[in-house]
Protein chains: 2
Amino acid sequence: DLISELEGNCTTSTLLHGVRVLITAGPTREAIDPVRFLTNRSSGKMGYAVARAAASMGAEVMLVSGHVALECPAGVRRITTESAADMLNVTSEQAKQADLFIATAAVADYTPTEVADRKIKKNADTLHLEMKRTTDILATIKQEHPRLFTVGFAAETHDLMTYARSKLERKNIDMIAANSVAGGKAFDQATNALEVVWKHGHTSLPEMDKQQLAEALMQLIATQYNQHNK
Amino acid sequence: DLISELEGNCTTSTLLHGVRVLITAGPTREAIDPVRFLTNRSSGKMGYAVARAAASMGAEVMLVSGHVALECPAGVRRITTESAADMLNVTSEQAKQADLFIATAAVADYTPTEVADRKIKKNADTLHLEMKRTTDILATIKQEHPRLFTVGFAAETHDLMTYARSKLERKNIDMIAANSVAGGKAFDQATNALEVVWKHGHTSLPEMDKQQLAEALMQLIATQYNQHNK
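Residues numbered from 1 in each chain as written. Chains lettered and ligands numbered in written order. Predicted model: local features only at pLDDT ≥ 70, side-chain atom pairs only at ≥ 80, totals over all residues. Heavy atoms only, no water.

Colleague: Quick question: what am I supposed to make of the packing of aromatic side chains here?
Modeller: A ring pair, where both rings are aromatic, is described by two values, the distance of the centres and the angle of the planes. Residues and elements named next belong to chain B. Going through the model one piece at a time under the given rule, you end up with two aromatic pairs over all chains. Between Phe 149 and Tyr 225, the ring centres sit 5.8 Å apart and the planes meet at 80°, which makes this aromatic pair edge-to-face. Residue Phe 149 is found in strand β9 (residues 149-156), and its partner Tyr 225 is found in helix α6 (residues 210-228); the two are separated by 76 residues along the sequence. (Phe/Tyr/Trp six-rings, centres within 6.5 Å; stacked < 30°, edge-to-face > 60°. Helix = DSSP H or I, 4+ residues; strand = E, 2+ residues; numbered from the N terminus.)

Below is the structure:
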């Protein structure tokens, strides 16, 4: 009938019908002073594609996103955040209403120890910027909500699979999707490839369009999530 | 006649007819490693508005721009650059064919002393980032081309006029446009206000739309430039 045909345009399956999916995406911005900040090359494209794929599978999607040049996908709710600390606060609050958490954001590992309230003047030939570790969003959310099915991303330039498997165990999470960023690969590109790792298995998703890749990844996640909740 | 009517759509005056105007705009990106970089809140809007205003006055405009989310204005040529060093090289090369140089870019004052070729791993609780001064684009271009009429921008949170006048003298340039960035003011906003300072005078341009402001500024610059070349 007409209604299911119309719905067919945006809902491709019901694998995640009614499942509340929380997704982080994009970069964070760590302020050095009112003008300068530290950030990274994440465009948010992969996270937004994952959000779109999850929504198309019937999920209720909440996207917690750093500043990106992307529109919020149809049917997805979005909260925009600034720093790693800001993203952690919002994500922690939203996790209370989530069934499945997918952390795609490229979160700063370090943030300046002090933020200058005035623009730093350039009087010295050198400048030492002291930075402290940020709080790990993925590990913190999993600690706060041990039963929340949690999927992490890893962007590494070297030893992809070793880091991915070690991150899975160290953070006690359910799945990891690892992509290589060697030579700017993956950042701001239309295509990507992923190694997806979980406790008792792994799958290689070959290089393809990010939206297709996100759909293949969400199929893997939904399958593992549904097995986990049997 | 029809031709002058058509031209009237994009050329509002001939004050800078045939003058070769070189403009820098937007932020720079200083790489820390393949993933992370230091940047600033410049949207490039003011520089692009100045480029558009200069083109509408009959100038031949070359825009050297950091990464921004803006289209290149009609009739303007653009080269996109990454770091402060990259922007300096391109600007220095382009300055050989310029009559008038307007530096609106928000150039990093400091850049990491070493760039890691692998993504920095987060093993330590703290990280010391050592940075060295970048080469001053405005001062370097003026040294290389003492007769090039040169206009600088200053974005300060405090003591606007004092800094502007001191920058004018220190860098031996012809004009300075100073805007306040206190509390994020000016960055990524549609409006702005400027204090314009030159050797024997100054004018306050009150808060208005950035395009209008750019046109008023270009009128001031063109007047000073034409007097200078009499």
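Colleague: Looking at this structure, how should I read the interface of chain A and chain B?
Modeller: Facing the 38 residues of chain A at the interface are 38 residues of chain B. Run the count over chain A and chain B and you get four salt bridges. Seen at the junction of chain A and chain B, the total is 15 residue pairs in polar contact (both at pLDDT 80 or more). Going through the elements one at a time, β3 (36-40), β8 (126-133) and β9 (149-156) of chain A are the ones with two or more residues in the side of chain A that touches chain B. Considering each element in turn, the side of chain A that touches chain B owes the most residues, eight residues, to β8 of chain A. Of the residues contributing to the side of chain A that touches chain B, the split by class is 15 nonpolar, seven polar and 16 charged. As paired elements, β8 of chain A and strand β8 (residues 126-133) of chain B share seven bridges and run antiparallel to each other. (Contact = heavy atoms within 4.5 Å. Salt bridge = Lys/Arg side-chain N within 4 Å of Asp/Glu carboxyl O. Polar contact = N/O pair within 3.5 Å; in protein donor to acceptor, adjacent residues only side chain to side chain. Nonpolar A, V, L, I, M, F, W, Y, C, P; charged D, E, K, R; others polar. Pairing = 2+ DSSP bridges.)

Colleague: Please explain the relation of the copies chain A and chain B as it appears in this structure.
Modeller: Mapping one chain copy onto the other needs a rotation about an axis and a shift along that axis. Once chain A is rotated about the relating axis by 180° and shifted along it by 0.0 Å, it coincides with chain B to within an RMSD of 0.0 Å. Classification of the inter-copy transformation places it as that of a two-fold axis. Here 100% of the contact residues of chain A are again contact residues in chain B; the copies associate through an equivalent surface. (Least-squares fit on C-alpha atoms with pLDDT ≥ 70 in both.)

Colleague: Please clarify how the sheet that holds strand β3 (residues 36-40) of chain B should be interpreted in this entry.
Modeller: Neighbouring strands of a sheet are bound in pairs by backbone hydrogen bonds; such pairs are parallel or else antiparallel. Across the sheet, which stays open at both edges, the four strands sit in the order β2(A)-β3(A)-β3(B)-β2(B) with antiparallel pairing between neighbours. Bordering the open sheet on either side are β2 (30-31) of chain A together with β2 (30-31) of chain B, each of which pairs with just one other strand. One ladder, built from two bridges, connects β2 of chain B with β3 of chain B; its direction is antiparallel. Following the sheet pairing, Glu 30 of chain B is matched in β3 of chain B by Leu 38 of chain B.

Colleague: Hey, could you run me through unusual backbone geometry in this one?
Modeller: Among all residues except glycine, the phi angle is most often negative; among peptide bonds, the trans geometry is most common. All names here are of chain A. Look at Asn 172: it is not a glycine, yet its phi comes out positive at around 55°. Along the chain, the position of Asn 172 falls in the loop between α5 (160-170) and β10 (175-180). Of the residues examined, Asn 172 reaches a relative accessible area of 54% and is grouped as exposed. (Buried < 20%, exposed > 50% of the residue type's maximum accessible area, 1.4 Å probe, protein only.)

Colleague: Help me out: how do you make sense of the sheet that holds β8 of chain B in this one?
Modeller: Taken together, four strands build an open sheet; the order of strands is β7(A)-β8(A)-β8(B)-β7(B) and the sheet is antiparallel. Each end of this open sheet is capped by a strand with a single partner; those strands are β7 (110-112) of chain A together with β7 (110-112) of chain B. On average, each strand axis in the sheet is inclined to that of its neighbour by 40°, with strand direction left out of account. (Axes fitted to C-alpha atoms, helices over the stretch in contact; angles between N-to-C directions.)

Colleague: Looking at this structure, I do not really get the pairing of β9 of chain A. What am I missing?
Modeller: Taken residue by residue, a regular strand's side chains alternate between the two faces of the sheet. Residues and elements named next belong to chain A. Of all the eight residues making up β9, seven are buried; the element is thus mostly covered by neighbouring parts of the structure. Relative to β9, strand β6 (residues 100-103) runs parallel, the two being bridged by four bridges. Opposite Phe 101, over in β9, you have Thr 150 as the bridge partner.

Colleague: Would you mind showing me how to read the side chain of Gln 94 of chain A here?
Modeller: In this fold, Gln 94 of chain A is placed in helix α3 (residues 84-95). Sequence-distant contacts of Gln 94 of chain A, defined by excluding residues within four places in its chain, comprise Leu 22, Met 62, Val 64 and Ile 79 of chain A.

Colleague: In this structure, what is going on with the packing of α3 of chain A against helix α4 (residues 137-144) of chain A? I would like to understand it.
Modeller: Packed helix pairs are characterised by how far apart their axes lie and by the angle those axes make with each other. Residues and elements named next belong to chain A. Interaxial distance between α3 and α4 falls to 10 Å at its minimum, and their mutual angle equals 25°. With respect to α4, the element α3 is oriented roughly parallel. For the element pair α3 and α4, the recorded crossing hand is right-handed. Together, Ala 84, Met 87, Leu 88, Thr 91, Ser 92 and Ala 95 of α3 and Ile 137, Thr 140, Ile 141 and Glu 144 of α4 make up the contact between the two elements. Within the contact of α3 with α4, the residues separate by chemical class into six nonpolar, three polar and one charged. (Parallel < 35°, antiparallel > 145°, perpendicular 65-115°, else oblique. Left-handed = near helix turned anticlockwise from the far one by under 90°.)

Colleague: So what exactly am I meant to see when it comes to α3 of chain A here?
Modeller: Because an α-helix completes one turn every 3.6 residues, residues spaced three or four positions apart along the sequence face the same direction. All names here are of chain A. The end-to-end C-alpha distance of α3, which contains twelve residues, comes to 16 Å, matching closely the 16 Å that a straight helix rising 1.5 Å per residue would cover. Buried within α3 are the following residues: Ala 84, Met 87, Leu 88, Val 90, Thr 91, Ser 92, Gln 94 and Ala 95. Buried-residue contacts for α3 involve β1 (20-25), β2, β4 (60-65), β5 (76-80), β6 and α4. (Expected span 1.5 Å × (residues − 1).)

Everything listed is a geometric property; what it means functionally is a separate question.
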